[in-house]
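Residue-level structure breakdown
Each chain, written out:
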Amino acid sequence: MQTADCIIVGAGLAGLSCGQTLAAAGRRVQIIEAADQPGGRVATDAVDGFRVDRGFQVYLDAYPEGQRFLDHRALQLGCFEPGALVASGGRLLPVSDPWRRPLAAIRSVLRGTVGVTDGIRTARLRSEMIRSVRQGRVDPAVVAPGDERSTRSSLESRGFSADFIRLFFEPFFGGVFLERELATAETVFGFTFAMFSLGRACLPAGGMAAIPRQLASGLPTGSLELGTPVERIEPDHAGGGELFLADGRRLAARMIVVATDAVTAANLLPAEAGGSWQPPAFKSTTLVAFAADGQPACGRTLIVSAEPAAAGPIDNLTVPSAVAAGYAPAGQSLIYASVRGDWPGAAADLPAAIQQQAAGWLGAEVNGWRQLATVAVPRALPVETPAVRRARPVSGQLGPGLFLCGDHLTTSSINGALAAGRRVAETLLAS
Ligand SMILES: Cc1cc2nc3c(=O)[nH]c(=O)nc-3n(C[C@H](O)[C@H](O)[C@H](O)COP(=O)(O)OP(=O)(O)OC[C@H]3O[C@@H](n4cnc5c(N)ncnc54)[C@H](O)[C@@H]3O)c2cc1C
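In what follows, the accompanying structure is described.

Details of the overall build of the protein chain
- Each helix and strand counted, the protein chain has 14 helices and 20 strands in total.
- Expected size for 431 residues packed as a compact globule is a radius of gyration near 22 Å; at 22 Å, the protein chain falls within 12% of this value.
- Considered along the principal axes of its C-alpha atoms, the protein chain spans approximately 70 × 50 × 40 Å.
- Expressed as a percentage of the 431 residues in the protein chain, the buried residues total 58%.
- Look at the contacts in the protein chain between residues 6 or more apart in sequence, and 71% of them connect residues 24 or more apart.
- Accessible area for the protein chain stands at about 17100 Å²; split by element, carbon and sulfur atoms hold 50% of it.
- Of note, the protein chain has its 39 positive side-chain charges centred 7 Å away from the centre of its 39 negative side-chain charges.

See the structure below:
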């Protein structure tokens, strides 16, 4: 049996940041990954000359952990316009920059639909969230959940009108949280709001997978083993334990970090190892990718839908090839439609229903779009309601030399996953 100092199971962003932090401190580390690429839920597939991400994701360049671990310049980040188009009643309403100039943006565009007080409240919320982030009070990756409320209750208690919540917060944050009830904890919302306000929403050249690729390239040669599923982990009460691999090998390590998603972690470990810990449920999403000749009129601007689910399946619509290089062959565009979870139609009808709804917003050019791929992501984000966050373990340490790691312990975002890996590595180094 081979023995190692520290083995990390899973090369998602959390496993990669953990590995980088340990390697930078001089530890010998081995990362065992089931898939044939690092990155986990941050993945991109080549489809007919296009690069299609596994679910619509954006990287926010204000993420503190991103600034710590990533070389933004080398990623060749392209950015969305800071504003958006809000689809309502079959029309697109431009909101110029709700993050940096909320009062002006909201007054000018949604005039007549919502009152000026909502604009003033948004401006106040923005200042408060930025201040709280700078003082370390709303980082959901480090703040203990305590007595958080849901995003919706927080917005209601701040006096936002029901119309404004429906027209602004539901379409913007429904797409981020993958749920329009806004049941996600207010700390997660506050941090995300501040990140949108302080930076830009970006995509790296050639697809989101460039992010984990860059992280993996910083690991010591030979420390990452791909295509190697771990089947079972047997902890040792003296520290670490044994890993049973699908290829029949057994590995022993003094330190084991389980950096898979939460449900897989619970399956790999014996029930008693987690104590009372229960993995959170997942939220799912679907992305339909289209190809088009030329560029859709919305260009680098995000379209979010404030229409009812009965009006069509689109949650948000984007053109990644207009934002960053390498997503589409020359002269062509890649278009993403993220599908809302509450659309009542059948999966087989999705592409046609998306084109019909989008044609109402962008015109007849949409009829020429060709469906490239439909990407279903059943395990996209762990549920992050206040109750679920309160049930998380305070520390990822399950026993001597045995650690849990991943976005389910911090917050489900690129920043949260990177923070989770770094924090476990720091605990391990201190132990
Ligand atoms: C559709 C979608 C949209 C998102 N949108 C955004 C966004 O816009 N902005 C943002 O910041 N974040 C977004 N996120 C969240 C972000 O991508 C995740 O929070 C983050 O990638 C989670 O990283 P992780 O390392 O914790 O877990 P994972 O990425 O799940 O990594 C776990 C790793 O463990 C591996 N593994 C599993 N089982 C085994 C096994 N038995 N043996 C060995 N290895 C195993 C997996 O293959 C994987 O590589 C989105 C996620 C999804 C899916």
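Examining the site of the ligand
- Around the ligand sit 35 residues, and of these Glu-33, Arg-41, Tyr-63, Asp-407 and Ile-414 come closest.
- Ala-34 has a polar backbone atom sitting 3.1 Å from a nitrogen atom of the ligand.
- Ser-413 places a main-chain nitrogen or oxygen 3.1 Å from an oxygen atom of the ligand.
- In isolation the ligand exposes 1000 Å². Once the protein is present, 91% of that is buried.
- Breaking the shell around the ligand down by element, the ones donating at least two residues are helix 1 (13-24), strand 18 (370-382) and helix 14 (414-430).
- A per-element tally of the shell around the ligand places strand 18 first, with three residues.
- When the residues that make up the shell around the ligand are grouped by side-chain class, the tally is 18 nonpolar, twelve polar and five charged.
- When residues are assigned to domains, the shell around the ligand turns out to be shared by domain 1 (2-42 + 209-280 + 384-430) and domain 2 (44-79 + 202-207 + 282-382), each giving three or more.

Details of helix 5 (residues 116-134)
- Between its first and last C-alpha, helix 5 extends 28 Å over 19 residues, near the 27 Å set by a 1.5 Å rise per residue.
- Listed in full, the buried residues belonging to helix 5 are Asp-118, Gly-119, Thr-122, Leu-125, Arg-126, Met-129, Ile-130, Ser-132 and Val-133. Down the axis of helix 5, the smallest arc covering the buried residues is 160°, so these residues share one side. Projecting away from the buried face of helix 5 at angles above 90 degrees are the exposed residues Arg-124 and Arg-134.
- Trailing helix 5 by a residue or two, Gly-136 shows a phi angle of about 75°, which is positive.

Some points on the nonpolar core
- Val-52, Phe-169 and Val-257 are the most contacted members of the largest nonpolar core, which totals 90 residues.
- Tallying contributions element by element places helix 7 (residues 162-177) first for this core, with eight residues.
- Judged by nonpolar contacts, the second largest core, of 23 residues, contains Ala-87, Phe-290, Ala-292 and Leu-362.

Some thoughts on the sheet that holds strand 9 (residues 201-203)
- Taken together, three strands build an open sheet; the order of strands is 5-9-6 and the sheet is antiparallel. Among the strands making up the open sheet, the edge pair consists of strand 5 (59-60) and strand 6 (78-79).
- Relative to strand 9, strand 6 is paired through two bridges, and the arrangement is antiparallel. Counted as the bridge partner of Cys-79 is Cys-202 from strand 9.

Details of the sheet that holds strand 8 (residues 91-95)
- Pairing within the open sheet is mixed, and its seven strands lie in the order 8-7-15-16-17-14-18. Whereas interior strands pair on both sides, the edge strands pair on one side only; in this sheet they are strand 8 and strand 18. Direction aside, the axes of adjacent strands within the sheet are offset by 25° on average.

With respect to the side chain of Arg-392
- For Arg-392, the position within the fold is in the loop between helix 13 (386-390) and strand 19 (397-399).
- No salt bridge is formed by the buried Arg-392; its nearest oppositely charged neighbour, Glu-384, is found at 5.3 Å.
- In this structure the side chain of Arg-392 is engaged in a polar contact, spanning 2.3 Å, whose partner is the backbone oxygen of Thr-410.

Some thoughts on the packing of aromatic side chains
- Enumeration over the complete set of coordinates arrives at 18 aromatic pairs.
- Between Tyr-59 and Tyr-63 the ring centres are 5.8 Å apart and the planes differ by 75°, which places this aromatic pair in the edge-to-face class. Judged on exposure class, the residue Tyr-59 and its partner Tyr-63 are both buried.
- Relative to Phe-168, the ring of Phe-164 lies with its centre 5.2 Å away and its plane at 15°, an arrangement referred to as stacked.

Things to note about unusual backbone geometry
- Positive phi values are uncommon outside glycine, yet Gln-76 reaches one of about 50°.
- By secondary structure assignment, the location of Gln-76 is in the loop between helix 3 (72-75) and strand 6.
- Phi at Leu-182 is positive, roughly 55°, even though this residue is not glycine.
- Within the fold, Leu-182 resides in the loop between helix 7 and helix 8 (186-198).
- Leu-182 sits in the buried class, given a relative accessible area of 1%.

Notes on the state of the cysteines
- Per the counting criterion, the structure on display carries zero disulfides.
- With no disulfide of its own, Cys-18 lies closest to Cys-405 among cysteine sulfurs, the gap being 5.2 Å.
- What makes Cys-18 buried here is its relative accessible area of 0%.
- Between Cys-79, a cysteine without a disulfide, and Cys-202, which holds the nearest cysteine sulfur, the sulfur-to-sulfur distance is 3.3 Å.
- With a relative accessible area of 11%, Cys-79 lands in the buried category.

What to know about the packing of helix 5 against helix 8
- Following both chains from N to C, one finds helix 5 and helix 8 inclined at 100°, their axes separated by 9 Å at the closest point. Taken together, helix 5 and helix 8 sit at an angle that is classed as roughly perpendicular. Packed against helix 5, whose contacting residues are Thr-122, Leu-125, Arg-126, Met-129, Ile-130, Val-133 and Arg-134, the element helix 8 presents Phe-189, Gly-190, Phe-191, Phe-193, Ala-194, Met-195, Ser-197 and Leu-198 at the interface.
- Per-class residue counts for the contact of helix 5 with helix 8 are ten nonpolar, three polar and two charged.

The rules we used
- Residues numbered from 1 in each chain as written.
- Predicted model: local features only at pLDDT ≥ 70, side-chain atom pairs only at ≥ 80, totals over all residues.
- Heavy atoms only, no water.
- Helix = DSSP H or I, 4+ residues; strand = E, 2+ residues; numbered from the N terminus.
- Rg over C-alpha atoms; globule rule 2.2 N^0.38 Å.
- Buried < 20%, exposed > 50% of the residue type's maximum accessible area, 1.4 Å probe, protein only.
- Contact = heavy atoms within 4.5 Å.
- Areas by Shrake-Rupley, 256 points an atom, 1.4 Å probe, with all protein chains shown as cover.
- Lys, Arg positive; Asp, Glu negative; His and termini not counted.
- Charge placed at Lys NZ, Arg CZ, Asp CG, Glu CD.
- Near = heavy atom within 4 Å.
- Polar contact = N/O pair within 3.5 Å; in protein donor to acceptor, adjacent residues only side chain to side chain.
- Nonpolar A, V, L, I, M, F, W, Y, C, P; charged D, E, K, R; others polar.
- Domains from an automatic or database assignment.
- Expected span 1.5 Å × (residues − 1).
- Arc of directions from axis to C-beta.
- Core = buried A, V, L, I, M, F, W, Y, C linked by side-chain atoms within 4.5 Å.
- Pairing = 2+ DSSP bridges.
- Axes fitted to C-alpha atoms, helices over the stretch in contact; angles between N-to-C directions.
- Salt bridge = Lys/Arg side-chain N within 4 Å of Asp/Glu carboxyl O.
- Phe/Tyr/Trp six-rings, centres within 6.5 Å; stacked < 30°, edge-to-face > 60°.
- Disulfide = S-S within 2.5 Å.
- Parallel < 35°, antiparallel > 145°, perpendicular 65-115°, else oblique.

Spatial relationships are all this shows, so hold off on functional conclusions.
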